[in-house]
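Spelled out from the first residue to the last, the chains are:
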Amino acid sequence: MDGNFVNHQSVVSEIINKDFFYPETFAFSKLSPLLIRFLNQLKKSGKSINTISAYRNDLSLFCEFLIEKQISPDNYSYPAQENWLHFLKENGRHSQSSMRRAQMSVRTFIHFLVSEKIITNSPFLDIKSPKQPAPALLTVTHEKYLSLCRTLKQLAINKDEKAIRDWTLILILGECGLKASEASNLTWGDVWPELEEPTSENSIAGCLKVTGNNERLVPYNLEVSRALNMLKETREQMSLSTSLDSKLFFGYLNVSRKTRTNFLHRHGIKFVIYEVC
């Protein structure tokens, strides 16, 4: 009887130790298949090649970190976040933007592991995703704005296609007070020139129809009218459409972009502003 009790006690102890004190260890050998499955899921969801490549680079380094330190992603007894950031720096990730992106990649991957029931929780989810710091507003003095317009106008007169686009854009933003998002949505159907020839430089030469939450008509002067006419001629010479539903500002000459787009979106316009200013 005593022997049976001992045997029974040993079985209970084994169950307790297994379920409460020694939970099943994380299978590091599954990291690579899980990462591949996660990247395939990103591809199916329509993520771009560049986005998937960034995730792969960040998470390959994260998997290397877990294996080297022999810690599972759900280990709360280990200062995971601090050591992960230190590991990033050791592997050449010194810029704030690079470290921020790596942290966000890890959070997304951890959420995937939780949804797949690989783990139930993780210390990497306890810290909020780092936010992108708001950039300081670019301010330009009136004298610099006038100097900039003179420089761009001279380049535009010399048939510099990029300068023609940038001159028109800067004039519309500066003289008409449009936001970048509003300027990016302007089409040739939104340009309403006056029927009569303006009598002076400050006369109203036409109006821009601004759409969106703050829909309105914004008048423009003769200088803006000249720039718009030059921009339209340039588009036609570049075999770009000037139909009523075509955007004003083409993106072909945005040298920072690898993709060729028919128009500048608001981020492209902001890049132009910072580039020329």
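Look up: the structure comes first, before these words.
Below you will find a few notes about this structure. (Residues numbered from 1 in each chain as written. Predicted model: local features only at pLDDT ≥ 70, side-chain atom pairs only at ≥ 80, totals over all residues. Heavy atoms only, no water.)

## Description of the overall build of the protein chain
No. 1: Each helix and strand in the protein chain was counted, giving 10 helices and three strands.
No. 2: The order of α-helices and β-strands along the protein chain, N terminus first, is α-α-α-α-α-α-α-α-β-β-β-α-α.
No. 3: Here the contacts in the protein chain between residues at least 6 apart in sequence split such that 55% fall between residues at least 24 apart.
No. 4: As displayed, the protein chain offers around 17,500 Å² of accessible surface, 53% of which is attributable to carbon and sulfur atoms. (Helix = DSSP H or I, 4+ residues; strand = E, 2+ residues; numbered from the N terminus. Contact = heavy atoms within 4.5 Å. Areas by Shrake-Rupley, 256 points an atom, 1.4 Å probe, with all protein chains shown as cover.)

## Here we look at unusual backbone geometry
No. 1: In this structure, Lys-159 takes a positive phi of about 70° despite not being glycine.
No. 2: On the secondary structure map, Lys-159 appears in the loop between helix 6 (142-157) and helix 7 (161-176).
No. 3: In the Ramachandran plot, Ser-239 falls in the positive-phi region, its phi being about 60° despite a non-glycine side chain.
No. 4: Topologically, Ser-239 is positioned in the loop between helix 9 (222-237) and helix 10 (266-276).

## Points about the sheet that holds strand 3 (residues 216-220)
No. 1: Reading across the sheet, the three strands line up as 1-2-3 and stay open at both edges, with antiparallel pairing between neighbours. Among the strands making up the open sheet, the edge pair consists of strand 1 (191-193) and strand 3. Each strand of the sheet is rotated relative to its neighbour by a mean of 25°, with strand direction disregarded.
No. 2: Alignment of strand 2 (residues 206-210) against strand 3, held across five bridges, turns out to be antiparallel. Note on strand 3: the bridge partner recorded for Val-210 is Arg-216. (Pairing = 2+ DSSP bridges. Axes fitted to C-alpha atoms, helices over the stretch in contact; angles between N-to-C directions.)

## Some words on helix 5 (residues 96-115)
No. 1: A rise of 1.5 Å per residue sets the reference length of helix 5, with its 20 residues, at 28 Å; its end C-alpha atoms lie 29 Å apart and thus fit the reference within 8%.
No. 2: Buried residues along helix 5 sit in contact with helix 2 (31-44), helix 3 (49-69) and helix 4 (80-90).
No. 3: The first or second residue beyond helix 5 is Lys-117, which carries a positive phi of 60°. (Expected span 1.5 Å × (residues − 1).)

## So, the packing of aromatic side chains
No. 1: Evaluated as defined, the whole model comprises 10 aromatic pairs.
No. 2: Relative to Phe-112, the ring of Phe-109 has its centre 6.2 Å away and its plane inclined at 20°; by these criteria the two rings are stacked. Of this pair, Phe-109 and Phe-112 both sit in helix 5, three residues apart, roughly one helical turn. The burial state of Phe-109 is the same as that of Phe-112; both residues are buried.
No. 3: Each member of the aromatic cluster is reached from another via a ring pair, and the members are Phe-62, Phe-65, Trp-84, Phe-87 and Phe-124. (Phe/Tyr/Trp six-rings, centres within 6.5 Å; stacked < 30°, edge-to-face > 60°. Buried < 20%, exposed > 50% of the residue type's maximum accessible area, 1.4 Å probe, protein only.)

## Topic: helix 3
No. 1: Given a rise of 1.5 Å per residue, 21 residues ought to cover 30 Å, and the 30 Å separating the end C-alpha atoms of helix 3 matches this to within 8%.
No. 2: Buried within helix 3 are the following residues: Ile-52, Ala-54, Tyr-55, Asp-58, Leu-59, Leu-61, Phe-62, Cys-63, Phe-65 and Leu-66.
No. 3: Each element contacted by the buried residues of helix 3 is listed here: helix 2, helix 4 and helix 5.
No. 4: Backbone geometry just downstream of helix 3 places Gln-70 in the positive-phi region, at approximately 55°.

## Re the pattern of salt bridges
No. 1: What the rule picks out here adds up to 10 salt bridges.
No. 2: Note that Lys-69 is salt-bridged to Glu-68, the shortest N-O span being 3.9 Å.
No. 3: The partner of Lys-153 in a salt bridge is Glu-223, and the shortest N-O contact between them spans 3.1 Å. With a gap of 70 residues between them, Lys-153 in helix 6 and Glu-223 in helix 9 connect regions that are remote in the sequence.
No. 4: Judged by its relative accessible area of 28%, Lys-153 is partly exposed.
No. 5: Where salt bridges share partners, they join Lys-153, Glu-201, Glu-223 and Arg-226 into one cluster. (Salt bridge = Lys/Arg side-chain N within 4 Å of Asp/Glu carboxyl O.)

## Some words on the nonpolar core
No. 1: Counting residues in hydrophobic clusters, the biggest one holds 37 residues, and the most contacted among them are Ile-172, Leu-178, Tyr-220, Leu-228 and Leu-248.
No. 2: Looking at this core, the elements that each hand over two or more residues are helix 6, helix 7, helix 8 (180-184), strand 2, strand 3, helix 9 and helix 10.
No. 3: Sorting elements by how many residues they give to this core places helix 7 first, with eight residues.
No. 4: Leu-248 has contacts with Ile-172, Leu-186, Thr-187, Trp-188, Val-191, Leu-228, Leu-231 and Arg-235, leaving out every residue within four places of it along the chain.
No. 5: Among the nonpolar cores identified, the runner-up in size contains 28 residues, and Leu-39, Phe-65, Ile-71 and Phe-87 belong to it. (Core = buried A, V, L, I, M, F, W, Y, C linked by side-chain atoms within 4.5 Å.)

No statement about biological role is implied by the geometric values presented.
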